[in-house]
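Okay, here's what each chain looks like letter by letter:
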Amino acid sequence: MTRLTIGVHAAKRDAMVAALHEAGVVELRPIVDEAPLRELVTPPSPPRSPVIPPDIAAARSRIERAVEILATVTPEKNPVVALLSPHQTKK
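The present account deals with the structure reproduced in this document. These numbers come from a predicted model, not from an experiment. (Residues numbered from 1 in each chain as written. Predicted model: local features only at pLDDT ≥ 70, side-chain atom pairs only at ≥ 80, totals over all residues. Heavy atoms only, no water.)

## Observations regarding the pattern of salt bridges
Consideration 1: Throughout the structure, instances matching the rule amount to two salt bridges.
Consideration 2: Between Glu64 and Arg60 there is a salt bridge, with the nearest N and O atoms lying 3.2 Å from each other. Here Arg60 and Glu64 lie together in helix α3 (residues 54-72), a separation of four residues that amounts to about one turn.
Consideration 3: A residue is classified by how much of its surface remains accessible, and Glu64, at 41% relative accessible area, is partly exposed.
Consideration 4: Here Arg65 and Glu68 are joined by a salt bridge, their closest N and O atoms 3.2 Å apart. Linking Arg65 with Glu68, this pair stays in helix α3, spanning three residues, or about one helical turn.
Consideration 5: Classification of Arg65 as partly exposed rests on a relative accessible area of 48%.
Consideration 6: The exposure class of Glu68 is partly exposed, given its relative accessible area of 48%. (Salt bridge = Lys/Arg side-chain N within 4 Å of Asp/Glu carboxyl O. Helix = DSSP H or I, 4+ residues; strand = E, 2+ residues; numbered from the N terminus. Buried < 20%, exposed > 50% of the residue type's maximum accessible area, 1.4 Å probe, protein only.)

Here you go:
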């Protein structure tokens, strides 16, 4: 038996698998069953640092505070929008 690896676009994958299955010429195994090829499907994720750098932590703190302050402000109605929008009648 000869081992063969085929890369197929997702749009054509089902048709290719069906054609190979019907022809009965190959044995299909999922790529995740092969240790050397598993990384092609699920690349290793970089280790996450549990510590947030101080400059990022400070920026996040300032942004959160700004959002809190802006949440308390109610915007004024724009008079130009009122001029240009059609009058709505109450029903």
